[in-house]
Amino acid sequence: MKRFHTVIICALLFLISSCASINQAPAGQATEFLVPTADFTMHLPPFLTIEVLKNSRIPVIGTTSRGGKDYRVVLLPAAAAALRFLINDDGSFEGSAINNTGSRMGFTYTPSPANVRLVAEAAVPQSPLLSLTSQQKEAIHAAVDAHLAATLKDPASAIQYGVGDPTECRNVAILDPNSRDSWCVCYLVNAKNSMGGYTGAQIGVTQFISQAPPYLMLDIPQPLINHPNACGTI
């Protein structure tokens, strides 16, 4: 019955689109996940432009065939829920999108930069943060301690305090492209404010301007902290 409905819809949309069946994974499941080789944007006509960061996990939800060639079908974060994008064997975007019935949309979809690829997670170079030694992490934690001691209204009043491991800023904050690869460290603190009352446990993020001692850092404004769950255990 579902196949019959798809054929009927394709016939109705024949003048504006062509149809192809989707070999789709069970609802809510992905056959694999891919990651972009770089941050990229994509214009979705007529009005929407989305941005996908290189740490995003892109689900492959099935495959489709067009013109005798097979393509993987992916869903992009923040894209219109009905769009599925076709991916070539080398991870590049084929340029077409289909909807959930298999109908081809009448636009071309090109990422910027155009050479971005969606590749297996294992193919992406690991962040240098993963190779930090325990001594380096301790030095970074000590730098955060000193920074907060100098910036909190009443550092001696802290009754809850913890510091997380460094991560790429793109994982925890909305920053401009030039700052996304810098290091950020999350902390949790409950200390007195300027009125003498406790603020309650608050997650903060500090950005490292330098990646070697002496460390220079800036606090990230609260509205820019968008993924506090990426802070992990603090």
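Everything below is about the structure shown above.
Presented here is a report on the structure given in the accompanying data block. This is a predicted model, so every value here is computed, not measured.

Looking now at the state of the cysteines. Taken as a whole and judged by the stated rule, the model has 2 disulfides. The disulfide bridge from C169 ends at C184, spanning 2.1 Å between sulfur atoms. Taking the sign of the torsion about the S-S bond as the criterion, the disulfide between C169 and C184, at about 95°, is right-handed. Linking C169 in the loop between β12 (167–168) and β13 (183–190) with C184 in strand β13, this pair joins segments that are 15 residues apart in sequence. Per residue, the accessibility class of C169 equals that of C184, and both read buried. The disulfide that involves C186 links it to C231, with 2.0 Å between the sulfurs. Across the S-S bond linking C186 and C231, the dihedral sits near -65°, which makes this disulfide left-handed. A residue pair is termed long-range when its members are at least 10 positions apart, and C186 in strand β13 and C231 in the segment after β15 (217–219) qualify at 45 residues.

Glancing now at the sheet that holds strand β9 (residues 111–112). Read across the sheet, 3 strands follow the order β4-β3-β9 without closing on themselves; strand pairing throughout is antiparallel. The open sheet terminates on both sides in strands that have one partner only, identified here as β4 (48–52) and β9. For strand β3 (residues 40–44) and β9, the ladder comprises 2 bridges, and the chain directions are antiparallel. The residue bridging T41 from the neighbouring strand is S112, located in β9.

The subject of this paragraph is the nonpolar core. Membership of the largest hydrophobic core comes to 18 residues, with the highest contact counts inside it found for F40, M42, V74, L76, F85, F93 and L118. Contributing elements (two or more residues each) for this core: β3, β4, β5 (58–66), β7 (84–87) and β8 (93–98). The element best represented in this core is β3, accounting for 3 residues. Residues within four places of M42 in sequence aside, it is in contact with L48, T49, I50, L76, F85, F93, Y109, T110 and P111.

Between side chains of opposite charge, pairing is possible as soon as their charged atoms come close. For the structure on display, the rule yields 11 salt bridges. With its nearest N and O atoms 2.8 Å apart, the salt bridge here joins E51 to R180. Within this pair, whereas E51 is found in strand β4, its partner R180 is found in the loop between β12 and β13, the two being separated by 129 residues in sequence. Residue E51 is classed as partly exposed on the basis of its relative accessible area, which comes to 40%. Its salt-bridge partner being K137, residue D165 comes within 3.9 Å of it at the nearest N-O pair. Here K137 lies in helix α2 (residues 134–151) and D165 lies in the loop between β11 (160–163) and β12, a separation of 28 residues in the sequence. Given a relative accessible area of 42%, D165 falls into the partly exposed group. A single salt-bridge network, built from bridges that share partners, covers D39, E51, K54, E168, R170, R180 and D181.

Parameters at a glance
- Residues numbered from 1 in each chain as written.
- Predicted model: local features only at pLDDT ≥ 70, side-chain atom pairs only at ≥ 80, totals over all residues.
- Heavy atoms only, no water.
- Disulfide = S-S within 2.5 Å.
- Helix = DSSP H or I, 4+ residues; strand = E, 2+ residues; numbered from the N terminus.
- Buried < 20%, exposed > 50% of the residue type's maximum accessible area, 1.4 Å probe, protein only.
- Pairing = 2+ DSSP bridges.
- Core = buried A, V, L, I, M, F, W, Y, C linked by side-chain atoms within 4.5 Å.
- Contact = heavy atoms within 4.5 Å.
- Salt bridge = Lys/Arg side-chain N within 4 Å of Asp/Glu carboxyl O.

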